Structure formats: structure tokens, C-alpha cells
Amino acid sequence: MHLAKVIAKVVATQKAEKLVGGKLLVIKSVDEYRNLMDHEPPYVALDCVGAGVGDCVLVDWGGSVDNDPRMVSDMSIVGIIDTIEFE
Amino acid sequence: MHLAKVIAKVVATQKAEKLVGGKLLVIKSVDEYRNLMDHEPPYVALDCVGAGVGDCVLVDWGGSVDNDPRMVSDMSIVGIIDTIEFE
Amino acid sequence: MHLAKVIAKVVATQKAEKLVGGKLLVIKSVDEYRNLMDHEPPYVALDCVGAGVGDCVLVDWGGSVDNDPRMVSDMSIVGIIDTIEFE
Amino acid sequence: MHLAKVIAKVVATQKAEKLVGGKLLVIKSVDEYRNLMDHEPPYVALDCVGAGVGDCVLVDWGGSVDNDPRMVSDMSIVGIIDTIEFE
Amino acid sequence: MHLAKVIAKVVATQKAEKLVGGKLLVIKSVDEYRNLMDHEPPYVALDCVGAGVGDCVLVDWGGSVDNDPRMVSDMSIVGIIDTIEFE
């Protein structure tokens, strides 16, 4: 999974049926201190956990066995990060 | 999903059977302000939503569960972007 | 899919059974004007359409639903590019 | 698989059901001498082998056939590295 | 598939059950002339063809249909390269 920050929402009227009703969020990768990695391109992920703009999130790129039926995209937001503990 | 802009069409007479009849579009990644990211290589995606040259689109790289039966390629255009809202 | 140019053939006597009899071609990514992107690493793809050295081709990296039974590798050449039309 | 070092733990109360109860670790790629590759972004992997902060680990990005039922994420820690032998 | 050179072996006592008994090799990408690409990170692949340190190999990253039952990892060595022919 990637660490990312939600920076915007996408509005797309014309889209694949499976995406209808889903919330599409623009994300950008962050480092372990939650700083945006500016040289990385933005991605669009489907929200599965109620995330919003400004949240620091966990993004799954697919490839797992026990897939969540809501994961109908190649990138899904699967968690909202509370804290990162360095011990 | 990636944010990209359609820049050209591909003509390929000799191709895998599954691609016959599909529209193959050359895309380049854009940033969240829809500016082309020139250092990124171009890709070719199969159109699933009626996109054309000049459109800003959502590109799915596969890996989802509930796949659209039209997604017979590793990269499919699954949405045309209307707006990106930063709130 | 990626845009690439076939630059060489691979000879490998010792290989996985599924690759026996297949044509293994070394490819390098090209930009939308078919210029080699020299900083990109070369890859090896299994030919599915009769491509040869010098051809500009479409390379599928897997991840589709309706897979071609000949696609037994993670990278398959699925088309030979005739032209790229910018409109 | 990637060579990586575990640098932190992630706490995420709000997450996909499949991740509940799993240990989420922040990892960073290392080179063959176990030095951190600072320009690489951090990732978050699900622990499958009892790894902890400071361990040098093997990370599987999915895509295998014989998947471990515990691999419910796109990145799973599948081994703890004892030594790397150069012969 | 990637062109790579085997540079070392990995010893990992604690690992996922599916990897037990498998040979884990550290690989680094090479260019078409078999020169190491030093800026690329090393990876660890499961050997499926009897490769050893020093061999130039073909590495499959998964994603194929007709998977070899020995490919239980996301990266498998599926061939040993004899020659690369530029014609």
C-alpha cells in the first residue's frame, strides 16, 4: 500500500458503469512524515472508507486475494491514517 | 487510476484478436492541473467510454475484482474528467 | 499498453516449460514519435502477433480479463503499429 | 520481491474490514548491502511473518498463483532476511 | 520480463510457508548488453530454472494466464539467457 494525501475530488459524468456512485479522489504520495512528494504524479483512487480532502490515507493497488467487493478500481483507499509510530 | 490526456490514435492492422474493433488511444499523464507531464512515457489504452483526442481521462491499469467485460487490455479508459475540485 | 520497438531476440535454452516454442524479443520503450527512450531499461516480451526486430509494437503487461491463451508471460506483444494519428 | 527495512508502524482506526487485526508496517527499500534508498517512497505492507521495526524483510507485491490466505493486501512481508550471500 | 543478473543468495529462516524450500536470489536489472543498471534497486526472485550467482536471467513479474505452479512469488526466474541477437 502507498501512503498518500487526498488533495481533490474528480467529477466525471461519463464513466464505466462499475464506477457509478463511487467517490473518486485525487491523491498524491507522501513520505513517512506526511510531506507531499511533489515529483510523484497524482493518481485517482476509489474511496472505500469515507475519506475526504486533506486526509492521509492508505491506498491499495490491487493484487490481493481476499478482495473487498467494493474494490472495483485498480486503486482503492482502504484506510485513514491516525498516526505513524517510529518507536 | 491515472489522470491522462488523449494525444493521438493508434492504427494497428496486425493485432491480437481481443483488440479487434477496439479504439486504441495514445495517452500521456497529466498533473492535477491537467498539464502534461513531459518526462513520463506515453501509453496506449483501450477506450471504454467514448473518449477522443484532447479529452482528459481516467485510466485504469487493471487489478480490480469487478472487471468490466470490455476491459480486455492492461490499460483502459474508464472515465472522462469534467472537473477536478480542490474544495 | 506500452509503445516499444523490438531491438533483438533472446536465445534461452534453459527456460520455464510455458515459454518453450515462444519467440522472446527484447524491446525498448519509444515516445509517441517512435524515438527510443534511452533511459528506460529494456524488457523481454513474448511475441503474439508475428513481430520482428525493427517493428514498433504494442506491449501488454497483463492485468486484463479476457486474456489471450497465448499470453503466458507478464509482457506480450499484442500489436504491430502502422501509424500514430495526431488528428 | 523487494528488499526493504521496517521503519515504523501505522495506526489506522478507520480501515477496510480485511485489514482489521493485521499489523501494518511502514517499509523503505534497501539496496543489496541493506542501506536505505532514500529517494524511494515509503510503502505500507501487511506483516505475515512476525516482523518488527528495524528488521530487513522480503516484500511480495502480489501476482503469484499459490497465494497465502493471509495476503489480503497488495504488499505483504513474506520473510525476514538473515543474510545476503555474495559467494 | 526483465533482463537481470543474479548477484547473491538470500538466507531467510523466518518466511511464508509457500517460500520454504525455494531458492531466493538477489537480482539486478541489466541493459541489452548485460551491463548492470546501477541506479535500479535490487529485487529478490524465486528460481524456477536452476539459475545461480553470475547468470544473466529472464525474470517474470507475474500477470500471465498459464501460470507455472512453481511461480509462488511475484518475481520468478523463468529463463537463463544464452545470447541476445541483434541481427
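Cut-offs and rules
Residue numbers here run from 1 along each chain, matching the order of that chain's written sequence. Chains carry letters from A onward and ligands carry numbers from 1 onward, assigned in written order. Predicted model: local features are reported for residues with pLDDT of at least 70 only, side-chain atom pairs are reported and counted for 80 or more only, and whole-chain, interface and lining totals are derived from all residues. Computation of side-chain values: all heavy atoms of the structure, hydrogens and water removed. Strands here are runs of E lasting at least two residues and helices are runs of H or I lasting at least four, both read from the DSSP assignment and numbered beginning at the N terminus. Partly exposed describes any residue whose relative accessible area lies between the buried limit of under 20% and the exposed limit of over 50%, with all areas from a 1.4 Å probe on protein chains only and scaled to the type maximum. Should any heavy atoms of two residues lie within 4.5 Å, those residues are considered in contact. Residue exposure ignores everything except the shown protein chains as possible cover, and the areas themselves are Shrake-Rupley values with a 1.4 Å probe. Using a 1.4 Å probe, buried area is obtained as the accessible area two parts lose upon being combined, added over both of them. By salt bridge we mean one thing: a side-chain nitrogen of Lys or Arg within 4 Å of a carboxyl oxygen of Asp or Glu. For the purposes of these results, a polar contact is taken to be a pair of N or O atoms within 3.5 Å, where, inside protein, one atom must be able to donate a hydrogen and its partner to accept one; residues adjacent in sequence count only when each atom of the pair is a side-chain atom. Alignment of the copies relies on least squares applied to C-alpha atoms, considering only residues that score at least 70 for pLDDT in both. To pair, rings of Phe, Tyr and Trp, with the six-membered ring standing in for Trp, must have centres within 6.5 Å; the planes then decide the type, stacked if under 30 degrees apart, edge-to-face if over 60, and tilted in the middle.

As named in an unreviewed UniProt entry, chain A is Ethanolamine utilization protein EutN, taken from Propionispora vibrioides.

Notes on the overall build of chain A
Counting its secondary structure elements, chain A contains 0 helices and 6 strands. Listed N to C, the secondary structure of chain A is β-β-β-β-β-β in terms of helices and strands. In chain A, which comprises 87 residues, the share counted as buried stands at 61%. Pairs at least 24 residues apart make up 55% of the contacts formed inside chain A by residues separated by at least 6 positions. If you sum the accessible surface of chain A, you get close to 3300 Å²; carbon and sulfur atoms cover 49% of it.

Examining the interface of chain B and chain A
Facing 31 residues of chain B, the contacting portion of chain A comprises 31 residues. Interface of chain B and chain A: buried area, both sides summed, is about 2500 Å²; carbon and sulfur atoms make up 57% of it. There are 3 salt bridges connecting chain B and chain A. For Lys9(A), the salt bridge identified is with Glu87(B), shortest N-O distance 3.4 Å. If you look at where chain B meets chain A, you find 12 residue pairs in polar contact (both at pLDDT 80 or more).

Concerning the relation of the copies chain B and chain A
For the pair of chain copies, the relating operation is a rotation around an axis with a shift along it. When chain B is fitted to chain A, the residual RMSD is 0.0 Å, and the transformation amounts to a turn of 72° plus an axial shift of 0.0 Å. This pairing of chains is accounted for by a five-fold axis. When you check the interface residues of chain B against chain A, a mere 13% turn up at the interface there too, and the two sides of the contact use different surfaces.

Topic: the interface of chain C and chain E
Contacts between the two partners involve 31 residues from chain C and, on the opposite side, 31 residues from chain E. For the pair chain C and chain E, the two sides together bury roughly 2500 Å², of which 57% comes from carbon and sulfur. If you look at where chain C meets chain E, you find 3 salt bridges. Close ionic contact of Lys28(C) with Glu32(E) constitutes a salt bridge, the shortest N to O distance being 3.6 Å. Applying the counting rule to chain C against chain E returns 12 residue pairs in polar contact (both at pLDDT 80 or more). Going through the elements one at a time, β1 (2-11), β2 (24-29) and β3 (43-47) of chain C are the ones with two or more residues in the side of chain C that touches chain E.

Considering the pattern of salt bridges
Residues and elements named next belong to chain C. Across all of its chains, the model carries 20 salt bridges over all chains by this definition. The closest approach of N and O atoms between Asp 47 and Lys 23, which form a salt bridge, is 3.4 Å. With a gap of 24 residues between them, Asp 47 in strand β3 and Lys 23 in the loop between β1 and β2 connect regions that are remote in the sequence. What makes Asp 47 buried here is its relative accessible area of 14%. Taking the relative accessible area as the measure of exposure, Lys 23 reaches 35% and is therefore partly exposed.

With respect to the packing of aromatic side chains
Each aromatic ring pair is specified by the distance between its two centres and by the angle formed by the two planes. Residue and element names in this part refer to chain B. A complete count under the given rule lists 10 aromatic pairs over all chains for this structure. Residues Tyr 33 and Phe 86 carry aromatic rings whose centres are separated by 5.5 Å and whose planes lie at 20° to one another, so their mutual orientation is stacked. Of this pair, Tyr 33 sits in the loop between β3 (24-29) and β4 (43-47) while Phe 86 sits in the segment after β7 (83-85), and the two are 53 residues apart along the sequence.

What to know about the environment of Ile80(B)
Tracing the backbone through its elements, the reader meets Ile80(B) in strand β6 (residues 76-80). Taking the C-alpha atoms as reference, Ile80(B) lies 6.1 Å from Cys56(B); in sequence the two are 24 residues apart.

Some thoughts on the environment of Val49(E)
Structurally, the position occupied by Val49(E) is in the loop between β3 (43-47) and β4 (56-60). Judged by relative accessible area, which is 12%, Val49(E) ranks as buried. The sequence separation of Val49(E) and Ser76(E) amounts to 27 residues, and the corresponding C-alpha distance is 9.2 Å. Contact partners of Val49(E), with chain neighbours within four places excluded, come to Gln14(C), Lys15(C), Ala16(C), Ile77(E), Val78(E), Gly79(E) and Ile80(E).

Notes on the environment of Arg34(C)
All names here are of chain C. Tracing the backbone through its elements, the reader meets Arg 34 in the loop between β2 and β3. Here the alpha-carbon distance between Arg 34 and Thr 83, two residues 49 residues apart in the chain, equals 10.0 Å. For Arg 34, the residues in contact, after removing those within four places along its chain, are Cys 56, Ile 81, Asp 82, Thr 83 and Ile 84. Within polar-contact distance, the side chain of Arg 34 engages the backbone oxygen of Asp 82 at 2.7 Å.

Looking at the side chain of His2(D)
Inspection of the secondary structure puts His2(D) in strand β1 (residues 2-11). Within polar-contact distance, the side chain of His2(D) engages the side chain of Trp61(D) at 3.2 Å. Beyond its immediate chain neighbours, meaning those up to four positions away, His2(D) contacts Ser29(D), Val57(D), Leu58(D), Val59(D), Trp61(D), Tyr43(E) and Met75(E).

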